[in-house]
Amino acid sequence: MKNQSQQWSRRKFLTTLGGAGTVMMLNPLLSWTVSEIDPRVAKIVANTIGIDTHNHIDVALNFKESPGSKVDLKGEIKKSGLSAISMTFAVDYQKLKNEGDAYSRFTTGLDEMDRILKDNDIQRSLNLSDLQSYHQKKIPTVIQSVEGGHFLEGKLDRLQIAYERGLRQLGLLHDNNASVPLGDVYTNSPQFGGLTSFGADIIKECNALGILIDLAHANNETINMAIKKTVKPVLISHTGLDSQLGKNEMMAKMMKPRLISKEQAKIVAETGGVIGVWTHLAETPLEYAQNVRALADITGIDHVCIGTDTKLTPAYRSPNEQQPKQNENFTGKKEERVGERTNLAWKNQNEGFYFAVVDALLKTGFTEDEIGKIGGGNYCRVFGNATK
């Protein structure tokens, strides 16, 4: 989801290598960064499995536009300090008019992601052992995700096909209802009484195949019904506590329906689930860390993770769509919109995303062990449980 109320600002990455020897010795992947990184932060980044559990990598979904743009996914992951991302996309941003549209977009999207991964020499992690192995080797990796079960179009067997293509995290719902609905979306008027029978069938099949269920975008009734159906803990990859509304009143009003209540968060935690905190509604890394703290105080430290709902790579623009106007600075370079890109999550952010988050979590009072759980340990637990 794009954060349209954020302001544009000039950004410039620092790629100074000089003086970064301390960081480079800890982890060669960190050598891009500035020399001012706190050694304690660098050590935690190097030693923990940092995962963004909901990161959009935009690709062409129309096969006539394929292949799409080349992107430096490996470079952006290295800049961020993360070990992995749940690489996701959605097929319902543009209206799905005809039967088969959703599936066509889904398969084209996977083809495009195959191409990007090949170009960047990155492999998908299909289970916890893969994640751990790539982390030990200091090699970036991704978990394949899709946001919304629209591509299924009522056909259960397509989940097996998706699994064989590498899908390991399924967001049951997104903004718009699928042609054969799976449950009630939290920003739409309830229509189905929560989880549908087809949604229940998909959860059962995910449990059988080894796919982690993501209940982001589901309303409370859908979440609670899904929790009763699943035999494995679930993920809510990107949200925030509804008491943490930030300072932007317009943003707070828009985002409030997408946030989770204390009561609902406790229900998810009590069943072993994990909830991701997004970067929306936090104007600084410290505010983000405080939002993480607020949720952890409710659920316990074992049930919180990172799920930014941002993009590591640039947004894809269809050549057939009118291009948005962008301001240019005095150098003639187009400006980046603060908050949309992972490594540009906050204004005046010079370090990579995970470096900034770890630093802020330390300043908020979290221990190194707790940061390891928030950064990726908790997600690894539910991912390992789901995929074993």
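Our next topic: the pairing of strand β5 (residues 141-147). Of all seven residues making up β5, seven are buried, and the element is well covered by its neighbours. Relative to β5, strand β3 (residues 84-88) is paired through four bridges, and the arrangement is parallel. When the bridges of β5 are listed, M87 appears paired with Q144. Looking at chain direction, strand β4 (residues 123-124) and β5 are connected through two bridges and run parallel. Bridging from a neighbouring strand, R124 pairs with V142 of β5. Sheet topology note: the β5/strand β6 (residues 167-171) ladder contains four bridges and is parallel. Each bridged residue has a counterpart across the sheet, and for E147 the counterpart in β6 is G171. The parallel pair β5 and β6, bridged by helix α6 (residues 157-164), forms a crossover whose chirality is right-handed.

This paragraph deals with the environment of G210. In this structure, G210 sits in the loop between α7 (197-209) and β7 (212-214). Since its relative accessible area comes to 2%, G210 is described here as buried. With 22 residues separating them along the chain, G210 and K232 place their C-alpha atoms 9.8 Å apart. Beyond its immediate sequence surroundings of up to four residues, G210 is in contact with Y163, R168, A386 and T387.

Let's shift gears to helix α8 (residues 220-229). Among the residues making up α8, those that are buried are T222, I223, A226 and I227. Considered in projection along α8, the buried side chains sweep an arc of 135 degrees and stay on one side of the axis. Facing away from the buried side of α8, by more than 90 degrees, are the exposed residues K228 and K229.

What follows concerns the confidence of the model for the chain. In this model, the chain carries an average pLDDT of 88, and 87% of its residues clear a pLDDT of 70 or more. Under a pLDDT of 50 for its full length, residues 1-35 has, in the predicted model, 84 contacts with residues more than four places off or in other chains. Of the regions scoring below 50 in pLDDT, residues 323-334 engages in 15 contacts with residues more than four places distant in sequence or in other chains.

For an α-helix, 3.6 residues make a turn, and residues three or four places apart therefore share a direction. With 15 residues, helix α11 (residues 285-299) extends 21 Å between its outermost C-alpha atoms, agreeing within 8% with the 21 Å of an ideal straight helix rising 1.5 Å per residue. When α11 is considered as a whole, its buried residues turn out to be E287, Y288, A289, N291, V292, A294, L295, A296 and T299. Buried positions along α11 lie against α10 (262-270), β9 (274-277), β10 (304-306), α12 (353-363) and α13 (368-387).

The biggest cluster of nonpolar side chains holds 84 residues, and the ones touching the most others in it are L73, F151, L159, L170, L172, I202 and L215. For this core, the leading source of residues is α12, giving nine residues. Residues in contact with F151, not counting those within four places in the same chain, are A102, Y103, F106, V146, R158, L159, A162, L167 and L170. Formed by 14 residues, the second largest nonpolar core is a distinct cluster that contains I51, I143, C380 and V382.

Cut-off values and rules
- Residues numbered from 1 in each chain as written.
- Predicted model: local features only at pLDDT ≥ 70, side-chain atom pairs only at ≥ 80, totals over all residues.
- Heavy atoms only, no water.
- Buried < 20%, exposed > 50% of the residue type's maximum accessible area, 1.4 Å probe, protein only.
- Helix = DSSP H or I, 4+ residues; strand = E, 2+ residues; numbered from the N terminus.
- Pairing = 2+ DSSP bridges.
- Right-handed = clockwise from strand over helix to strand, strands pointing away.
- Contact = heavy atoms within 4.5 Å.
- Arc of directions from axis to C-beta.
- pLDDT = per-residue confidence, 0-100.
- Expected span 1.5 Å × (residues − 1).
- Core = buried A, V, L, I, M, F, W, Y, C linked by side-chain atoms within 4.5 Å.

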